[in-house]
Amino acid sequence: MPVRLLKTVSGKSETPLPSHLQKEDLKHLQEGFDHTNKYFKGVVVLSYPLMKLGDGTDFFKVVLQDLDNWISRNNSINILLYGKMAEDCAKVTRHGDTFAVAGFKVAKSPTAREDGRHGCHLEVSEEAGSTIYVHKILGECLDNFFLLFPNFVMPFQSVAPKYVYTPLNRLKDGTVVNLYGVVKFFKPPYVSKGTDYCSVVTLVDPSNVKLTCTLFNGNLDFLPKIYKVGDIVRFHRIKIREYNGQMQGITSAGFASLTFDGTVGAPVVPRTSSKVYTFMDEEQKIIEELRVWADSNLCIFGPAAKLAGVQPMIFFDLTCQLVGKAKVDGSSFLLKVWDGTKCPYPTWKVPVEARDLEGEKTLLHQLRNLTVDILVYDNHVQLAKSLKIGSFLRIYSIHTKQASSDKDDVSCIEFHLHGGTCYGRGIGVLPETNPDVKELKVFLGSVDLADSQNMESMSSLELDSTGMKIIRKFFLISDLESHLQRCQELSVTVLTDHQDLKDTELKTILNSRAPQQYRIRAKLRTYEPQKLYQCIKLHCSKCNSLWEVPGGDDFDLILQGSAVTAPNLELHNTSWYDSVMWTTEDQKQRKITIHFVKHDEMVQQPEDTLIMIEGGTLKEIWKLTKRFKCVIPVRSTEDDLELLDLSAPFLLQGNIKYYGCMRCSTPKPIECLSSIAAEQQPSWEPTEIARVLGIEPLQYVFVMKFTLVDGTGTLNAYLFDYEKFFQIPASEILTNNFLQQKMQMTMNTLCPPGRKLDDLPWLECFIKSYNVRDVMKQQVYYQIFDTTVAEDVV
DNA sequence: TTAGGTTTCG
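Rules used in this analysis
- Residues numbered from 1 in each chain as written.
- Chains lettered and ligands numbered in written order.
- Predicted model: local features only at pLDDT ≥ 70, side-chain atom pairs only at ≥ 80, totals over all residues.
- Heavy atoms only, no water.
- Helix = DSSP H or I, 4+ residues; strand = E, 2+ residues; numbered from the N terminus.
- Buried < 20%, exposed > 50% of the residue type's maximum accessible area, 1.4 Å probe, protein only.
- Contact = heavy atoms within 4.5 Å.
- Areas by Shrake-Rupley, 256 points an atom, 1.4 Å probe, with all protein chains shown as cover.
- Expected span 1.5 Å × (residues − 1).
- Polar contact = N/O pair within 3.5 Å; in protein donor to acceptor, adjacent residues only side chain to side chain.
- Salt bridge = Lys/Arg side-chain N within 4 Å of Asp/Glu carboxyl O.
- Phe/Tyr/Trp six-rings, centres within 6.5 Å; stacked < 30°, edge-to-face > 60°.
- Lys NZ or Arg CZ within 6 Å of the ring centre and 35° of its normal.
- Near = heavy atom within 4 Å.
- pLDDT = per-residue confidence, 0-100.
- Pairing = 2+ DSSP bridges.
- Axes fitted to C-alpha atoms, helices over the stretch in contact; angles between N-to-C directions.
- 1 Å grid on protein atoms, 1.4 Å probe; cavity = no way out; pocket = protein on both sides within 12 Å on 5 of 7 lines; lining within 4 Å.
- Points joined across faces, edges and corners; volume = space filled by probe spheres on them.
- Nonpolar A, V, L, I, M, F, W, Y, C, P; charged D, E, K, R; others polar.
- Domains from an automatic or database assignment.

Examining the overall build of chain A
Here comes step 1: Along its length, chain A carries 15 helices and 40 strands.
Here comes step 2: Among the 794 residues that make up chain A, the fraction classed as buried is 49%.
Here comes step 3: Of the contacts made within chain A by residues no fewer than 6 positions apart, 63% connect residues no fewer than 24 positions apart.
Here comes step 4: For chain A, the accessible area works out to roughly 39500 Å², and carbon and sulfur atoms hold 51% of it.

Following this line, the structure appears as structure tokens:
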């Protein structure tokens, strides 16, 4: 809606300014301050002709004099109006009119020295969500009245539209906009490497477009108070920029936010640091609509857990109360927390000096069986130090690790908040008004401390799906018992073949010659490696060699090394690929070339296209794999493109890096790929790509050593499995956290930590024995085969 | 300025 003067108003009975707006004093108008929900009021003492700027934008300048400081010498300020607002205001403005300006941007006034006015000016436009309330003069009589009684509250008429909110699919580079969104991902505010706190927030809206915003502020309070995925935010005056081909939001001067609980039916109460803010009935409607949309269109699955529900080797968010804290060393800090439930596993205690431990000694002692020690590292230390004992926290992405203890059967769980902010890792302080905190407080109050040794009586408050509070008994230990009982009766693994074979005791197997095959029934006493990510290897089926999976850093180094080679322009744009080269804008002036492989002389849709990249970084390549079917990192030689070193992947597809065997591969020129491109329907299968490029592909494989016992003997059997045993492809486990957790849970069922031998479940397996002869001696080895984890185990 | 979502391996 354009600026519109509805009618001339008179008398006090007319609509006053909206109640959420507060008057800002002239002397408080400063750059970098939060002027959200403030207005500045003044009389138009001067106006300039309407102009057009170089880009065609209308521009109008007026000078407002502060009524409350009319005696002061320096009491006027320049107001710069842009666009439609400039055009419309120019039509109706007369000297002597009173303007109340809200939603303005404060910037340094370049003309302050010459015109002697305020050091800053105010910038207003419809795009920035500005509002101007104009009171028209009614004649000299009232004008004088006004000057005599400056505090007289005048009726105002709104002539500018209210805030305009831009859907996420309509954002344009270089604009400052207002928007709503549902939080899909967030990093709670953390101390950046600069001077401010930083919070990263990814939003979605019904246009199904995602926007990642990077928000900075020196004051924690000015960043949005997001507590969980699914919260809804309203951002005012967020700047939109293009970054890496995508729109990005970033704080601009005057940025302000409101945050709402995203639960359908919950009260619509904004969380904000501002005491006043605009919030109308219409906006309540927007929140309610977004809640309903998110409820049916978004999968908001949070990894929240109670201490009673934790497993080793998971990442989870914990809502808890801080009971104690202590410094450990320069890079780590200890938080002792509880949530009223008891962790079913023994938990580790971080050794600290008694004098370093802060917190109420009696309470720490009383809660000793219910608190857990969380060790936080690096960038989280500063925030952790500042936390107040007794405060309620949500700690995001805590990692539970199983401590490897060789000395006894009982291993314990460690809780770590590792350094960095990946996956939103961090600490958030929850206010006492937070619904989750209210609920937690009720529950903590109900915990009978004398009874805390008796785990079976623990209970917990939970919210059911309708948001109603219900009290449910927690019988976690007994749940675990019954689960284990089932495992003991049946078997946690099943055979996929040879059902008719009879069981053989381990003692008999150990005393027999190899090679032979057996069916066994045994318990898994222990396994190696305990760190499951270490059990993934690369296997060459041609020479039978096993290779470690190279780390991301290795790949990065190779990429950096290859980026030194300048791209050979003679190899650009051939009959089977189109090439695009660009130079980065930073000081390094890095050159990146992408060769798009064509089909039928045309570049296909990205999801069907194979690209080759020269000079890219690990991150850039990673991003390209999200968009294109295949990515092959290459470098230029004098007369052809070639693959990089074989310790780098020869191909990236989705999450998977494909490697070639260094012994068996004889890389051919990249030109050979053109034969696949020429096929009628190129499938770009990794094995096919490897074949034409002379690469012997390595396969991802699980390699583990199981120590099995059955009362008659102990036998070490190797598990060598691509997919069948865990029903998880080994190729995906390193890049898929969900699958890693699933695998860890499987191992916890097969070999529950902290259990005595009698309580371990039975496994039914096939094993085969085989001879391995080296120079010195011949040895018998055993391998598990045709066995899989039972379907109902995980 | 900072970070620019994509778990550590202590």
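As for helix α15 (residues 737-750)
Here comes step 1: Taking 1.5 Å of rise per residue, the 14 residues of α15 would be expected to cover 20 Å, and the 20 Å separating its terminal C-alpha atoms lies within 8% of that figure.
Here comes step 2: Burial runs high along α15: 10 of the 14 residues are buried.
Here comes step 3: Listed in full, the buried residues belonging to α15 are L739, Q740, Q741, M743, Q744, T746, M747, N748, T749 and L750.
Here comes step 4: For α15, the side-chain oxygen to backbone nitrogen distance between the N-cap and L739 is 3.0 Å, and the N-cap itself is N736.

Some remarks on the pattern of salt bridges
Here comes step 1: Counted by the stated rule, this structure contains 20 salt bridges.
Here comes step 2: The closest approach of N and O atoms between K441 and E432, which form a salt bridge, is 2.3 Å.
Here comes step 3: Two residues, R519 and D503, come together in a salt bridge whose shortest N-O distance is 3.4 Å. Taken together, the residues span a long stretch of sequence, with R519 in strand β25 (residues 516-528) and D503 in the loop between β24 (493-495) and α9 (506-510) at a distance of 16 residues.

Here we look at the packing of aromatic side chains
Here comes step 1: This model, assessed by the stated rule, comprises 14 aromatic pairs.
Here comes step 2: Feature note: the residues F702, F706, F725 and F726 constitute an aromatic cluster, connected by ring pairs.
Here comes step 3: Taking NZ or CZ as reference, K768 lies 4.9 Å from the ring centre of F785, over its face.

Digging into the protein's contact with DNA strand B
Here comes step 1: Residues in close proximity to DNA strand B total 37 residues, the closest being K187, S397, G419, Y533 and N737.
Here comes step 2: Between a phosphate oxygen of DNA strand B and a side-chain N or O atom of K187, the distance comes to 2.5 Å.
Here comes step 3: One nitrogen or oxygen atom from the side chain of R241 is found 2.9 Å from a base nitrogen belonging to DNA strand B.
Here comes step 4: Put simply, the parts of the chain that give the surface near DNA strand B at least two residues each are β11 (176-191), β12 (197-204), β13 (210-217), β14 (232-243), β15 (246-260), β19 (392-402) and α11 (618-627).

Details of unusual backbone geometry
Here comes step 1: Here A514 and P515 are connected by a cis peptide whose omega angle stands at -5°.
Here comes step 2: When you line up the elements, P515 lands in the loop between α9 and β25.
Here comes step 3: Cis geometry is found at the peptide bond from E528 to P529, where omega equals -5°.
Here comes step 4: Structurally, P529 is set in the loop between β25 and β26 (536-539).
Here comes step 5: Of note in the backbone geometry, D600 takes a positive phi value of approximately 55° without being a glycine.
Here comes step 6: Looking at the secondary structure, you find D600 in the loop between β29 (591-599) and β30 (602-603).
Here comes step 7: The backbone of E601 sits at a positive phi, close to 65°, despite the residue not being glycine.

Quick notes on the environment of F333
Here comes step 1: Among the secondary structure elements, F333 is positioned in strand β17 (residues 332-338).
Here comes step 2: Residues F333 and L375, 42 residues apart in the sequence, show an inter-C-alpha distance of 5.7 Å.
Here comes step 3: Residues within four places of F333 in sequence aside, it is in contact with K325, A326, K327, V328, I374, L375, V376, V381, A384 and K385.

Overview of the confidence of the model for chain A
Do not read the fine detail of predicted coordinates wherever pLDDT is low.
Here comes step 1: Summary statistics for chain A give a mean pLDDT of 82 and a share of 85% for residues scoring 70 or more.
Here comes step 2: Ignoring residues within four places in sequence, the model shows residues 1-14, a span with pLDDT below 50, making 31 contacts including any to other chains.
Here comes step 3: Predicted confidence is poor over residues 138-161, with pLDDT under 50, and the contacts of this stretch with residues over four places away or in other chains come to 61 contacts.

Some details on the pairing of strand β39 (residues 778-785)
Here comes step 1: Bridging between strand β37 (residues 714-721) and β39 involves two bridges; their strand directions are parallel. Each residue of the ladder has a partner; that of L719, found in β39, is I784.
Here comes step 2: Note: strand β38 (residues 762-773) against β39, eight bridges, orientation antiparallel. Paired with N771 across the bridge in β39 is V780.

Digging into the sheet that holds β14
Here comes step 1: With respect to topology, five strands assemble into a closed barrel ordered β11-β12-β13-β15-β14, the strand pairing being mixed. The average undirected angle you get between the axes of adjacent strands in this sheet is 50°.

Considering the side chain of S665
Here comes step 1: Its location among the elements puts S665 in the loop between β35 (656-658) and α12 (674-677).
Here comes step 2: Within the local environment of S665, its side chain forms a polar contact with the backbone oxygen of C661, the two atoms lying 2.6 Å apart.
Here comes step 3: For S665, the side chain forms a polar contact with the main-chain nitrogen of E696, separated by 2.9 Å.
Here comes step 4: When near neighbours in sequence (up to four residues on either side) are disregarded, S665 contacts L646, G660, G694, I695 and E696.

Some details on helix α7 (residues 435-446)
Here comes step 1: Between its first and last C-alpha, α7 extends 17 Å over 12 residues, near the 16 Å set by a 1.5 Å rise per residue.
Here comes step 2: N-cap assignment for α7: the residue whose side-chain oxygen lies 2.8 Å from the backbone N of D436 is N434.

Focus on the layout of surface pockets
One simple way to see leftover space: roll a probe sized like a water molecule over the atoms.
Here comes step 1: The volume enclosed by the second largest pocket comes to roughly 790 Å³.
Here comes step 2: What lines the second largest pocket is a set of 29 residues, and nearest its centre among them are S125, E127, A128, T175 and V176.
Here comes step 3: Of all elements in the fold, only β8 (120-124), β11, β14 and β15 reach the threshold of two or more residues within the lining of the second largest pocket.
Here comes step 4: Sorting elements by how many residues they give to the lining of the second largest pocket places β11 first, with three residues.
Here comes step 5: Across the lining of the second largest pocket, the residue classes tally to 12 nonpolar, eight polar and nine charged.
Here comes step 6: Of the domains in this structure, domain 1 (3-148) and domain 2 (175-297) are the two that each give at least three residues to the lining of the second largest pocket.

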